[in-house]
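If you want the building blocks of each chain, they are given just below.
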Amino acid sequence: MSGTGTLPQSEGVKDRAATLRNRARLSANKNLLFWYRELYRDQFKDFPNPAALSILEIGSGTSPLKQFLSNVVTSDVLELDYLDLVFDCHEIDRLEAIKDNSLDVITLTNVLHHLKSPTAFLNRAAGKLKPGGKVIATEPFFSLISSVIFKYLHHEAVDFRISEPELRDVKGPLASANIALPWLMFFRNREWLQPLNDNFDIDGLVVRPFSGFSYMATGGIARRLPVPHLLYRRLFAVDLALSRRFPNFCAAFFTFVLTRR
């Protein structure tokens, strides 16, 4: 994950170790890799040739995106030797390695809910995008079923009581989180998006659900469930269809696409 500022040395060592462990677990989980592959296909489905785009990924520590799109520039706040860039994404506007008005896409998956100030990040990131460039992000969606899972079975914090789109308690890239924050921004409290309106076409915002049970059926990063891969692929297709037909009942993730003015 990326973007919570300068880390105490002990916190950084712990988070780097956890990130490397999670990356290895993800790579060894065939069903989870398939889930990510399908997610990336969905994220970039409106581009005829994603391999020709200029793409920056935020929060690449665990992400497998570069396995599927080799042109992606990877980044994180953690110093990891396989990354292209290391920086705090809240300071993306100061990043000289990426020129202003140069990117087609900035993408992040399950990262926004770890950021101290998602709105500030998005506004600062806009300057790195070409006019018409996109921010594409995927975050947890709170349906009837997924709410129970995220609240009671997931290890990250869930807080619906926040009065503004900010993290109150910042500890480090992995420990700091409110997985309800993006859902609150894009579904319950749409007025929180108004500060983005100068830089992004809020009226043209695209939001769509992505999958329900299929992520959990992989075991996620923490564990691997013994579901045969061929069976999993079939279950995924059904799960994806159900999440889009009945999102408020069973969807567990959503993708949003913001377009720079």
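What you see is a predicted model; the values in this text were computed from it and never measured.

Quick notes on the overall build of the protein
Here comes step 1: From N to C terminus, the protein includes nine helices and eight strands.
Here comes step 2: Taken over the C-alpha trace, the protein has a radius of gyration of 17 Å; the compact-globule value for 261 residues is 18 Å, and the two agree within 12%.
Here comes step 3: In terms of principal-axis extent, the alpha carbons of the protein reach across some 45 × 40 × 40 Å.
Here comes step 4: Of the contacts formed within the protein by residues at least 6 apart in sequence, a portion of 73% connects residues at least 24 apart.
Here comes step 5: Summing over all exposed atoms, the protein offers an accessible surface of approximately 12100 Å²; the carbon and sulfur share of this is 52%.
Here comes step 6: Separation of charge centres in the protein, based on 32 positive and 27 negative side chains, amounts to 8 Å.

A closer look at the nonpolar core
Here is a general trend for soluble globular proteins: nonpolar side chains tend to be buried in one another's company.
Here comes step 1: Core analysis: the largest hydrophobic core is formed by 69 residues, its most contacted members being Ile58, Ile106 and Phe121.
Here comes step 2: Of all the secondary-structure elements, those providing two or more residues to this core are helix 2 (30-43), strand 1 (55-57), strand 5 (103-109), helix 4 (118-126), strand 6 (129-140), helix 6 (181-188), helix 8 (229-245) and strand 8 (253-259).
Here comes step 3: In terms of residue count, helix 2 provides more of this core than any other element does, seven residues in total.
Here comes step 4: Here Phe121 is in contact with Ile58, Cys89, His90, Ile92, Ile106, Leu108, Leu112 and Leu115, once residues within four sequence places are set aside.

What about the packing of aromatic side chains?
To describe a pair of aromatic rings, you give the distance between the ring centres and the angle between the ring planes.
Here comes step 1: Tallied over the entire structure, the rule returns 23 aromatic pairs.
Here comes step 2: With a centroid separation of 5.5 Å and an interplanar angle of 70°, the aromatic rings of Trp35 and Phe210 are classed as edge-to-face. Of this pair, Trp35 sits in helix 2 while Phe210 sits in the loop between strand 7 (206-209) and helix 7 (213-217), placing them 175 residues apart in sequence. This pair shows no difference in class: Trp35 is buried, exactly as Phe210 is.
Here comes step 3: Here Arg23 stacks its cationic end above the ring of Tyr82, 3.8 Å away from the centre of that ring.

A word on the pattern of salt bridges
Here comes step 1: A full pass over the atoms with the stated rule returns ten salt bridges.
Here comes step 2: Two residues, Asp42 and Arg208, come together in a salt bridge whose shortest N-O distance is 3.0 Å. Of this pair, Asp42 sits in helix 2 while Arg208 sits in strand 7; the two residues are 166 residues apart in sequence, bridging distant segments of the chain. As far as the burial class goes, Asp42 and Arg208 line up, both buried.
Here comes step 3: Two residues, Asp104 and Lys130, come together in a salt bridge whose shortest N-O distance is 3.1 Å.

Quick look at a nonpolar patch on the surface
Here comes step 1: Taken together, Leu144, Val238, Leu242, Phe246 and Phe249 make up a surface patch of nonpolar side chains, about 480 Å² in accessible area.
Here comes step 2: Looking at where Leu144 falls in the secondary structure, it is placed in helix 5 (residues 144-152).
Here comes step 3: Overall, Leu144 belongs to the exposed group, its relative accessible area being 57%.

Quick word on the side chain of Ser60
Here comes step 1: Here Ser60 is to be found in the loop between strand 1 and helix 3 (65-68).
Here comes step 2: On the basis of relative accessibility, which here comes to 2%, the residue Ser60 falls in the buried class.
Here comes step 3: At 2.8 Å, the side chain of Ser60 and the side chain of Glu57 are in polar contact.
Here comes step 4: Not counting chain neighbours up to four residues away, the residues in contact with Ser60 comprise Arg23, Thr74, Ser75, Asp76, Tyr82 and Leu83.

As for the sheet that holds strand 1
Here comes step 1: Taking strand neighbours across the sheet as the criterion, the six strands line up as 2-1-5-6-8-7 in an open arrangement whose pairing is mixed. Two strands in the sheet have a free side with no partner beyond their single neighbour: strand 2 (72-73) and strand 7.
Here comes step 2: Sheet topology note: the strand 7/strand 8 ladder contains four bridges and is antiparallel. Residue pairing across strands places Pro209 opposite Phe254, the latter belonging to strand 8.

Here's the deal with the environment of Val227
Here comes step 1: Position of Val227 among the secondary structure elements: in the loop between helix 7 and helix 8.
Here comes step 2: Those residues in contact with Val227 that lie beyond four places of it in its chain are Asn31, Ala217, Tyr232 and Leu235.

Quick word on the pairing of strand 8
Here comes step 1: Of all seven residues that make up strand 8, seven are buried, and the element is covered over most of its length.
Here comes step 2: Residues Phe253, Thr255, Val257 and Thr259 point to one face of strand 8 and Phe254, Phe256 and Leu258 to the other, with burial holding for every one of them.
Here comes step 3: The sheet contact formed by strand 6 and strand 8 spans seven bridges and is antiparallel. Within strand 8, the residue paired with Ile136 across the bridge is Val257.

Section: helix 2
Here comes step 1: Here helix 2 contains 14 residues, and its C-alpha end-to-end distance of 20 Å stays within 8% of the 20 Å for a straight helix at 1.5 Å per residue.
Here comes step 2: The element helix 2 is extensively covered by neighbouring structure, given that eleven of its 14 residues are classed as buried.

Calculation notes
Residues numbered from 1 in each chain as written. Predicted model: local features only at pLDDT ≥ 70, side-chain atom pairs only at ≥ 80, totals over all residues. Heavy atoms only, no water. Helix = DSSP H or I, 4+ residues; strand = E, 2+ residues; numbered from the N terminus. Rg over C-alpha atoms; globule rule 2.2 N^0.38 Å. Contact = heavy atoms within 4.5 Å. Areas by Shrake-Rupley, 256 points an atom, 1.4 Å probe, with all protein chains shown as cover. Lys, Arg positive; Asp, Glu negative; His and termini not counted. Charge placed at Lys NZ, Arg CZ, Asp CG, Glu CD. Core = buried A, V, L, I, M, F, W, Y, C linked by side-chain atoms within 4.5 Å. Buried < 20%, exposed > 50% of the residue type's maximum accessible area, 1.4 Å probe, protein only. Phe/Tyr/Trp six-rings, centres within 6.5 Å; stacked < 30°, edge-to-face > 60°. Lys NZ or Arg CZ within 6 Å of the ring centre and 35° of its normal. Salt bridge = Lys/Arg side-chain N within 4 Å of Asp/Glu carboxyl O. Patch = residues over 30% accessible without salt bridge, like charges linked within 9 Å, V, L, I, M, F, W, Y side chains within 5 Å. Polar contact = N/O pair within 3.5 Å; in protein donor to acceptor, adjacent residues only side chain to side chain. Pairing = 2+ DSSP bridges. Expected span 1.5 Å × (residues − 1).

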